[in-house]
Every structure is written in C-alpha cells, then in structure tokens.
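What the coordinates show
So you can see what is in the structure, the chains are spelled out below.
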Amino acid sequence: MEIKEEGTSEEGQHFLPAAQANDSEDIQFTSIQKIPSEPQLEFILACKDLVAPVSDRKLNTVVQISVIHPVERTLTRYSSTEIVEGTKDPLFLTGVTFPSEYPIYEETRIKLTVYDVKDKSHDTRSFLGCASFKVGELLKSKEEQLSLSLRTSDGGKVVGTIEVSLMKMGEIEDGDTDHITTDVQGQKCALVYECTAPESVSRNENLPFLNAVLKNPVCKLYRFPTSDNKWMRIREQMSESILSFHIPKELISLHIKEDLCRNQEIKELGDLSPHWDNLRKNVLTHCDQMVTMYQDILTELTKETGSSFKSSSSKGEKTLEFVPINLHLQRMQVHSPHLKDALYDVITVGAPAAHFQGFKNGGLRKLLHRFETERRNTGYQFIYYSPENTAKAKEVLSSINQLQPLIAAHADLLLASASQHSPDSLKSSLKLLSEKTELFVHAFKDQLVRSALLALYTARPGGILKKPPSPKDSTEETSPQKETPQLRRQDSIPHHSDYDEEEWDRVWANVGKSLNCVVAAVDRLTERASRNEEGAEGGDRKGGETDPAREDSTTSHTKEDWYEQLHPLILTLKECMGEVVSRAKQSLTFVLLQELAYSLPQCLMLTLRRDIVFSQALAGLVCGFIIKLHTSLHDPDFLQQLHTVGLIVQYEGLLSTYSDEIGMLEDMAVGISDLRKVAFKITEATSNDVLPILTGRREHYVVEVKLPATEFQSLPLQIKEGQLLHVFPVLFNVGINEQQTLADRFGDVSLQESINQENFQLVQEYFSLFMEKMPPDYISHFQEQNDLKGLLDNLHQNIQAKKRKNVEIMWLAATICRKLNGIRFTCCKSAKDRTSMSVTLEQCSILRDEHQLHKDFFVRALDCMRSRQTQGALNESDDPETGCLTDNKPTSRHFYPVALLLVSSHLLVVWLILSLALLLAKYQ
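Thresholds applied
- Residues numbered from 1 in each chain as written.
- Predicted model: local features only at pLDDT ≥ 70, side-chain atom pairs only at ≥ 80, totals over all residues.
- Heavy atoms only, no water.
- Helix = DSSP H or I, 4+ residues; strand = E, 2+ residues; numbered from the N terminus.
- Buried < 20%, exposed > 50% of the residue type's maximum accessible area, 1.4 Å probe, protein only.
- Contact = heavy atoms within 4.5 Å.
- Areas by Shrake-Rupley, 256 points an atom, 1.4 Å probe, with all protein chains shown as cover.
- Expected span 1.5 Å × (residues − 1).
- Arc of directions from axis to C-beta.
- Pairing = 2+ DSSP bridges.
- Axes fitted to C-alpha atoms, helices over the stretch in contact; angles between N-to-C directions.
- Parallel < 35°, antiparallel > 145°, perpendicular 65-115°, else oblique.
- Left-handed = near helix turned anticlockwise from the far one by under 90°.
- Nonpolar A, V, L, I, M, F, W, Y, C, P; charged D, E, K, R; others polar.
- Polar contact = N/O pair within 3.5 Å; in protein donor to acceptor, adjacent residues only side chain to side chain.
- Phe/Tyr/Trp six-rings, centres within 6.5 Å; stacked < 30°, edge-to-face > 60°.
- Lys NZ or Arg CZ within 6 Å of the ring centre and 35° of its normal.

With that out of the way, let us pick up the overall build of the protein chain. What the protein chain contains, in helices and strands, is 25 helices and 25 strands. Split into buried and exposed, the 924 residues of the protein chain put 51% on the buried side. Looking at the protein chain alone, contacts between residues at least 24 apart form 75% of all its contacts between residues at least 6 apart. Surface accessibility of the protein chain: about 42200 Å² in total, with carbon and sulfur atoms responsible for 50%.

Bringing the environment of Gly86 into the picture now. Its place among the elements puts Gly86 in the loop between strand 6 (84–85) and strand 7 (94–98). A residue is classified by how much of its surface remains accessible, and Gly86, at 39% relative accessible area, is partly exposed. Residues Gly86 and Thr61, 25 residues apart in the sequence, show an inter-C-alpha distance of 8.3 Å. With residues near it in sequence (within four places) discarded, Gly86 still touches Lys58, Leu59 and Asn60.

Our focus in this paragraph is helix 6 (residues 364–377). Taking 1.5 Å as the rise per residue, helix 6 with 14 residues should run 20 Å; its terminal C-alpha atoms sit 20 Å apart, in good agreement. Restricting attention to buried positions, one finds in helix 6 the residues Leu364, Leu367, Phe371, Glu372 and Arg375. The buried residues of helix 6 all sit within an arc of 125 degrees when viewed along its axis, so they share a single face. Seen from the buried face of helix 6, the exposed residues on the opposite side, beyond 90 degrees, are His369 and Asn377. Buried positions along helix 6 lie against helix 7 (387–419), helix 12 (562–597), helix 13 (600–631) and helix 15 (660–674).

Turning our eyes to something else, we now look at the pairing of strand 24 (residues 725–733). Taking burial as the measure, the nine residues of strand 24 include seven buried ones, the bulk of the element. One ladder, built from seven bridges, connects strand 20 (residues 647–653) with strand 24; its direction is parallel. Note that in strand 24 the partner of Val649 across the bridge is Pro729. Alignment of strand 21 (residues 678–684) against strand 24, held across two bridges, turns out to be antiparallel. For Ala679, the partnering residue across the bridge sits in strand 24 and is His726.

Here we take up the packing of helix 21 (residues 788–801) against helix 22 (residues 808–819). Contact geometry of helix 21 with helix 22 gives a least axis separation of 9 Å together with a crossing angle of 155 degrees. Compared by their axis directions, helix 21 and helix 22 come out roughly antiparallel. Helix-helix and strand crossings are classified by hand; for helix 21 and helix 22 the assignment is left-handed. Side by side, helix 21 and helix 22 meet where Leu788, Leu791, Leu792, Asn794, Leu795, Asn798 and Ile799 of the first sit next to Glu808, Ile809, Leu812, Ala813, Thr815, Ile816 and Lys819 of the second. Residue composition of the contact of helix 21 with helix 22, by class: nine nonpolar, three polar and two charged.

With that out of the way, let us pick up unusual backbone geometry. A positive phi angle is found at His421, which is not glycine, with a value near 55 degrees. Within the secondary structure, His421 sits in the loop between helix 7 and helix 8 (423–442). Classification of His421 by relative accessible area gives partly exposed; the value is 31%. Phi is positive for Gln852, which is not a glycine, with a value near 60 degrees.

Here Arg609 shows up in helix 13. With relative accessibility at 6%, the residue Arg609 sits in the buried group. A distance of 2.8 Å separates a polar side-chain atom of Arg609 from the backbone oxygen of Gly358. In this structure Arg609 touches Ala354, Gln357, Gly358, Phe359, Gly362, Gly363, Leu364, Leu367 and Asp667, once residues within four positions along its chain are discounted.

In this structure the tally under the stated criterion is 12 aromatic pairs. Members of the aromatic cluster, each reached through a chain of ring pairs, are Tyr78, Phe98 and Tyr102. Its guanidinium or amino end placed over the ring of Tyr115, Arg125 lies 5.0 Å from that ring's centre, counting from NZ or CZ.

Below, the structure written as structure tokens:
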C-alpha cells in the first residue's frame, strides 16, 4: 500500500511506503511517555551540505514537516520552519512541537521536505530533497538526534543531510554542537545548548481547571541565541476559550430575567391617568418584543456546538452578536540561560463592537451622549431623571429584591431559635436580622425615593400637576393646571398640595421601630434566662436549699413560650417592611418608566447595543482573570494585591479613527468602561463543573470563579470568606494602519486623544491606590525593581505630545501593566493582522529587554514568529495574504513591525485622488 501526499508541490506526486502494520481495528500503538499537559514531542532541525540545482545560486531553504498517521496511513502537512537565506548549511530557529492531545505514537512517521524558495512574495519554491523517520527512532537514539540523508524524489541522489535533534525545554543538552554555527553579519558565532532547570511555570499549566476553560492549543517552538551566545528556548501557545460562548449565554439569561421582572413591575404600577397608562402600554409592547428577541438569541446560541470561538467572518451575524470575535490566549513561555523561566500572557480579541447594528450614526460613546442631550433639552411627555438617578433607582430596586427575602429568612430563623429556647442561637439570629434590616432601612433614605413617590402620586387618576417652573426662576410657585394628554417634559419633580411628604418618613421609620421592639424583646428574654441560670447555680452552692417563691418564679419564666412572645413582633416587622416595599418598588419603577417612555425604539436599541458590546468585553475579561489567577496562585504578593487593591486590566486598541472604525472605537470605549461594574468572587468547586457563574443586573455583576479544593484552601482568608475582588479596566488606542494615515492628514483624531487622556488618569488613580494600600516593604522592593513613576511620567508625556502613530504609548502602557501584575489585552477590528503584528513585536521586545536576545537576531526572531505557516493541517481555502486559517483564526503571526508600517500603494492612489479633488475645488 502507498501513501499519497495531499496537495501538489514542486516535487510532484511523491509516494512513500506505508508502515508495515496489521489492518485489524484492534492494532496497538506505542504511546509516548510524557509529563501531563506538556507537549509529547519537540525537535529542532538543521541542514548540512545542501546541493543547489544551479551551481551559482545561493539557497533560501525552508523545511515542510508532514505527518504520516499509522492508522489512516495518510500524509498531512503539519508545519514548516522559517526561511533561511543564502546558505547551504541552514540552522532553523523554528522548531516542531506536538501538543499533548495530538494523536502521535512511536510508530508515527514524520516526513521532512526541503524546498528552495526562489520568490518569497509569491511563495515560488522548488523541491530539493526529502527524508523521513519514525518517532520511536528519534526517542530511542542514543544521542537523541538523527542524521538523515536528503534524497531526490526518485529516492536516488543524495542532496545533503538534515539533522533532527530532540528538544526538551528546561533540560541541559549533551553532545558536541560546535559544528552548528550561524552567520551573524558575516561573523561566525558558535551556539551552545544550555538552559536552566524548569521552574514553577509548567506546574501552573497542569491545573485541570485551565483545561476546562481553554482548548485546541496551537503551539510553536523556537530557539534563539542570547547576547552571550547561549540558547534560549521559547514555546508559543495559542488557545481558544469556551468562555467565548459560555459568558454571553449566562449574561443574556440574566438580561431576560431582569427585563421580565421589570416588565412585571411596570404592569403592577396600579391605576394611572390616561396619559401615563397609554405610555405604559406602549413601553410594555416594545419591552416584551425585546425580551422575545433576547430569548431567540439565547436559543440560537445554545444550539452552537461547533467552534469554541467566533471567527471574524461571522462578526456580522445577528445570532452571534453577543459573542466576542477571535478570543484567544497568546502565551509565550521562555526558558533562558542564567535567568528565571517566565510566562507572558496576552489575551487577543476583536474590539468589542456592535457590528451587526452598524456604525452609520457612530458608536456608543457618541450615541449615548446625543441621546442624553436630547432627553435633557427636548420637550416630551415624561418626567426627566438624570442617568445617575435612573441608575440609583435600579440600585435601590435591586437592594429591595435581595434584602426582602433575606430579612424574611432571618426572621424565621429567629423564631426557630425561640422555639428551641436557645439564647446563643437567638442572639446570633438577631444579629443577622438587625444587620440586614438596617441595610434595608438605609436604602430608602435617599431623596430620590421621596420625590419618586410624589411623581407617582400625581400620575394617579385625578392627580393634579402644577405648571412647570419657568426657566428664569425654577423655584417660583406657578398656578396649577389640569393634566391633559399633551403634557410636556417636567423640568423638576412636581409639587402637590394634598400630598403628605412626611407620610413616607413614618412608613419606612416603622420598619426600624419594629426592629427595635424585636431587639428589646430578645434582650428581655435572654436576660431572664441568664438570671434564672444564676439563681439555679446559687441554690446549688447553698447546699440545695432554695427559696420556694424564687423556684416558682423560675419555673414560670422557663416554661414561658419565647416563640409566642416574638411571633407577633416579627409579623409586625414583616408587615411594615411589606408596606415599604410595595410603595418603594412602585415609585422607583415609575422612574424607570420615564427612561423608557422617551423615544422608545431608540432607547431600547441603545440598551441592546450596550448589552452586546458589554457581553463581548466581559467574556474576554473573565477569560483573562481566570488565566491570571491560575498562573499566579503561588504568588502571595499577587494574592494580597488582588484582595487589597484589585487588578488593573489594560486594553491595547489598534483601531483607526477613520470611517467605521471610529464607531468601533466608540463602542469599545464604553464597553471597557462598563467593566467597572464587574466584581469577582472566588469559591470552592464542589463538582467537576468549574465554569464561572454570573449573577447580578446591568448596573452590577458578580462573576463567581471556582477553584479546586486544594488551591482554594491556600488562598488568603479574605478571599476565602467571599470578599469581592475588583478590576480597573483602562484603554489606550493608537491607530497604526493606512486608514489612520488618512485620519491624521484629513480627519479628526480627537476621539483617540481624549480616550488616552481619560484612561491615563485612571492608571494614575490605580497607582496611587496601589502605593497607599500595599505594604511598605513590598512597595520598596517593587520600586527598586521597576521605576513605575518614571514610566508613568513618560507615558503622560507621549500622550500629551499628540504624535502621529505613536506606538511608544502602547509599549509604555503594556510595560506598566505587566509590572503592576495586570492583565493584558490586544485588540483590533478582528484580532488578526494588526493584533498579530503588535503581539509579536511585544514578544520579541520582551526577549530582547528581559532575556538578552542577541541584538543581531531581533529581526530574524520577529520573522520566525510572523511566519504564516502554523501547526495543524492547512486547508486549500487558507488566505494566502494573511495566512489565517479557514475560520479566520489568527495564526502564529506573520506581519511587519508596528513601527515600520508604511503607506501602501493603493493608499497613495487614494491620497493623489483626494489631492487632485481639492485642487480642482480650489480653482473652480
């Protein structure tokens, strides 16, 4: 049987003999022994004495790696090295790695095909020779190295040798390697294998939790020389996250629950005058339609069982609006000589934006500002409440819904303790009841509740509104007028002569008075119980002689029913609380009705857009938080920072301020700002289901992150007790593509400038909080290692300079984030081209600055990381221009440095046309 290589190449249709094996289905293959969660096999390649087809031609060589699977007996292209130019003895810096889940055995055969690349721009290549080996042969070789002859397609002529060396990150390699050299600007430089022992970096990767969140890793392996001519080894890993779909589904479910509750509360507002009742019906019609739409979207998302991420080609699909684009973890693991091993993580994701909704009228930042301005300045049939007051109404309503059942539950526990005649239990139950009731009463001390009650009172049938205050004197009394269907927006809450404003104070104060009665009764009962015990002990000390009268009194007090004494007081407390809840919920729901009553379709579409953008941003944030938590679980300083200060989350935006991307940037700015409403709580996992749980409402969300018992018990006490952990999201954007050139020359970059200035202030606030709350000894050590103040000053100067395409802003912001133990994100429109370009530049810069990458190999290392070939079988429909996979999944990257971006030829044409048009307009 023969195996035919899939696809065509310069070597023609080349056939290899199949591995001799039985055709039966129960054939057994030898598995490779490996460390859990580590790659199964990694090797590096070098060629010697290659023979050029033409004697005077310098070779530009690349090696294609293919896998011959022993079961299917088909050959699949797997990966390739970088192109090494102008030498017959190429040393390849890009290695080959097979991840832990890849189906590879000792019987698996690897085929290596060497090509001479004649034209890189068109990928024109000619076949030089090939060789193959079994995986078991490499693993069992004494030197852990194979030297194979490269032969022509007919298997005859030898055209050179290819050396395959087993690679083990973190281990010292034995053997003579002096013959492997590389040309550094004309000088020969011997490279010696040496690497430090593995640190705790790999240990964190073995946690099963991450395996439940990340999947389908794509790996690449490199070896780069250091400044002292030693090898450093780099493993790149790109993983998908199932949170791309999990978080949006959780969030949409919460939206549906919240909106259904709100709609029901609007229905239960009671009798309203014809004007307000018509508004209510109109609002409910539209709101019910929105809930139905959310339910349909959730149903469609639940059906998604394919890819665990949304490709960029799907960004315009309505059913996937809530899902982030191309959400991936980009991890660089570095083993370098004489330095501590390190992990560098960047989350890459498409800019959170409502692509299906479009950007014809701008993005959220502009739309929300315009909406609020029109609400404030235009006359409509509603009462105006500021966004702050509307948010406050939602907050109080949420507190009511949470506290009322808690108070009722604690009240029942108090009665249960009374039935048991347990003083200690009674005191404990009373303490919990008092705490929750005090929070409940405090929630209604806001002026908004009182004014909302008055507004609702005037909206009842027969209510009378006074004429709105004149602009000259808003405090002057004006003559009353009867309500008509053509009411205009009220500039302030109306007054009503028959309304008793003190009544509300009495109603909610009754809750506190009722609680005081309960407290007094419990004190009285426990005091009597204590006296009875003391009396009994005193009688015992006197030899058993007791006063008959005291004995009768003790007996009667002991036999009294605590439950019967407390039950009517608890009923009164619940009744008072129920009256407060009924009035407050209706009045605050009336406030929310005002928000919806203005321009219904526009209001609800803005809510939808904001929900979509926030969902995309939240999915990325949760992914980043979980990964950061698990890679830093054994760092006590990080854990202290986590619960004392919180985490900074830095988003690097690469969107231009031109055309649709202006709207995307406006969406992104609001979505990232809204992440301030998110807090995290870490709990102990009680089952194998470790996916995060989302609770809350639009103004406040809590993400519950589950940890296995062992890891959870090692956390600080504050975290284990459920303290909420906060994040500080910041966004810095620098447009870098050719469209930004147009914006710089002919457009407006004020949006980018204002976003960067605003977010710099947020970074400064976080830094001040960090310096204030972290221990002095830690800050001293921190400052010795990293001059953060200098970096912040430099960042501020670069933002103020307003320089075009100032990528220094991105580098400084990323450096500050890493040094503050933050979470890093890089975003462009689709998380492909510009994102890939930025990530690889950042990685190579880290290798240079932190791990002593040889200065003459910076560009070559960058080229290796930007190679358009990636691990995994390629498809005929791969984009030859971007090198992205069929699902538009970003590859292990392939672009030019950010700082070296040039205006393309088609942009030059656009610029010439615009210039000509301006000239013609000038002379007309």
